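# Coordinates in review
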Amino acid sequence: MTSCYHCLTASPTVPNIPVQQRKLKSTVEIPVFPPRPYNNQRPLRSREYCRVEAVGPVGRSEGGDFSKKAGAGPGSGSGSGPGPCSYSVGDQRVGDRTVEIGRRERNRAVDVVVAAGVTVVLGVGNRVLYKLALVPLKHYPFFLAQLSTFGYVLVYFSVLYLRYHAGIVTDEMLSMPKAPFLAVGLLEALGAATGMAAGAILSGASIPILSQTFLVWQILLSIIFLGRRYRVNQLLGCFLVAVGVIITVASGPGTGHSLEEAGIFWSLLMMVSFLLQAADTVLKEVIFLDAAQRLKGGSVDLFVVNSYGSAFQALFICLLLPFLSKLWGIPFSQLPNYLKDGAACFLNIGGTLSSGCDGAPVLPLLFVIVNMGFNISLLHLLKISSAVVSSLASTFSVPISVYVFTLPLPYLGVASSLPTGFVAGAIILVTGLLIYAWSPSGSTSALPSPSS
């Protein structure tokens, strides 16, 4: 015979009026009859009982099988029983459940803020170190790009192997469908190819300005494919963030002229590149949400997504190598010699081959390490929040990087001057972030809580 237990707590305030007490049983067993079986057959399961016990304001004594001493209320000093404004189901209080949910939401908010801060710091380091890495590899930027692409595959799968044997990555995670990872790799490869094609023509600050379409694409794609609904303050905040970055970067000399010289086609092609990259991030968010259902509330490990996504990206990059090498002005027949010379410069060996490669391999290695950490932190932030939040954190690193380049950095020579509209753009950007993060009382966030 199975039973359930409900504890009902009376109010702690009792009027001081003598009343005639009726002698009642402290516990009453109420049978809960199962539905009438078909054709009046005898039920297979035994009768179930529900045990309901009234609890006075001063607590109750020993009860049934599931009973525990109930506290008298907030001032009783006992936290083991339900208070006057709560009730218990079995051994768990509903009031405790509400407090636990609130605590989890606060902890999640703190985790998102910390992860966003780490992402911003690594994003600044990624931008600065990329420019420093190109000092020794100024003639071999295509080699640096391929080193990052194929080097990450080796590193990610090595970490995945260690995490699998440590029990962090499970067989269920590895058995997830590979089609979404294939799509991730294809989107990343196409995004890189179109970005390189447009970047070879565009110059100056036009690329950071056009990159603000990335946030617009993410919002539109999350509404279409994830069913997101954004509040007015969130849309306004995203708009101000984009405007702040544009003002910060575009206030430099020759920005508008460089956009006019490039032409509309290459600007549109760069926007398409950011569309593909935005689709990639939204697809990764879909993968995390789908994994929560497949793993029954669990979460897929970051390195599963990174490893398979990078492997498929490297595969498509190999297929696109003839096209990509032509974009960089390298005939495909000369690509092996180019990669060989780039490796010699990267290692800073080979005599005349490595002349002018001062700073290698330290600077390129620092970039590769920080870039890898930035990608991991960005994916972690996407996992615990959303693609839009991760994009805002990455965008916030742009004006900080602009300021860092005005400092006397080694290998870069004379520091650049601060754009005239930097302060105004930074104020608008920060205002946009604050407006986006502001939650009106009584409203719910447009970004649902992802699975933990």
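The structure contained in this document is the topic of the report that follows. What you see is a predicted model, and the numbers here were worked out from it, not measured in a lab.

A surface patch of nonpolar side chains, about 490 Å² in accessible area, is lined by Val216, Leu220, Ile223, Ile224 and Phe225. By secondary structure assignment, the location of Leu220 is in helix 6 (residues 213–226).

This part takes up the state of the cysteines. Here the structure, examined in full by the defined rule, presents one disulfide. One disulfide bridge connects Cys345 with Cys357, the sulfur atoms lying 1.9 Å from each other. Since a negative S-S torsion denotes a left-handed disulfide, the Cys345-Cys357 link at about -115° is left-handed. Of the two residues, Cys345 is situated in helix 12 (residues 335–347) and Cys357 in the loop between helix 12 and helix 13 (362–384); the sequence distance between them amounts to twelve residues.

In this structure the tally under the stated criterion is five salt bridges. Close ionic contact of Asp280 with Lys284 constitutes a salt bridge, the shortest N to O distance being 3.8 Å. Taken together, the positions of Asp280 and Lys284, both in helix 9 (residues 264–294) and four residues apart, correspond to about one turn of that helix. Side by side, Asp280 and Lys284 carry an identical accessibility label, which is buried. When salt bridges with common partners are traced through the structure, they connect Glu188, Asp280 and Lys284 into a single cluster.

What counts, and where the lines are drawn
Residues numbered from 1 in each chain as written. Predicted model: local features only at pLDDT ≥ 70, side-chain atom pairs only at ≥ 80, totals over all residues. Heavy atoms only, no water. Patch = residues over 30% accessible without salt bridge, like charges linked within 9 Å, V, L, I, M, F, W, Y side chains within 5 Å. Areas by Shrake-Rupley, 256 points an atom, 1.4 Å probe, with all protein chains shown as cover. Salt bridge = Lys/Arg side-chain N within 4 Å of Asp/Glu carboxyl O. Helix = DSSP H or I, 4+ residues; strand = E, 2+ residues; numbered from the N terminus. Disulfide = S-S within 2.5 Å. Buried < 20%, exposed > 50% of the residue type's maximum accessible area, 1.4 Å probe, protein only.

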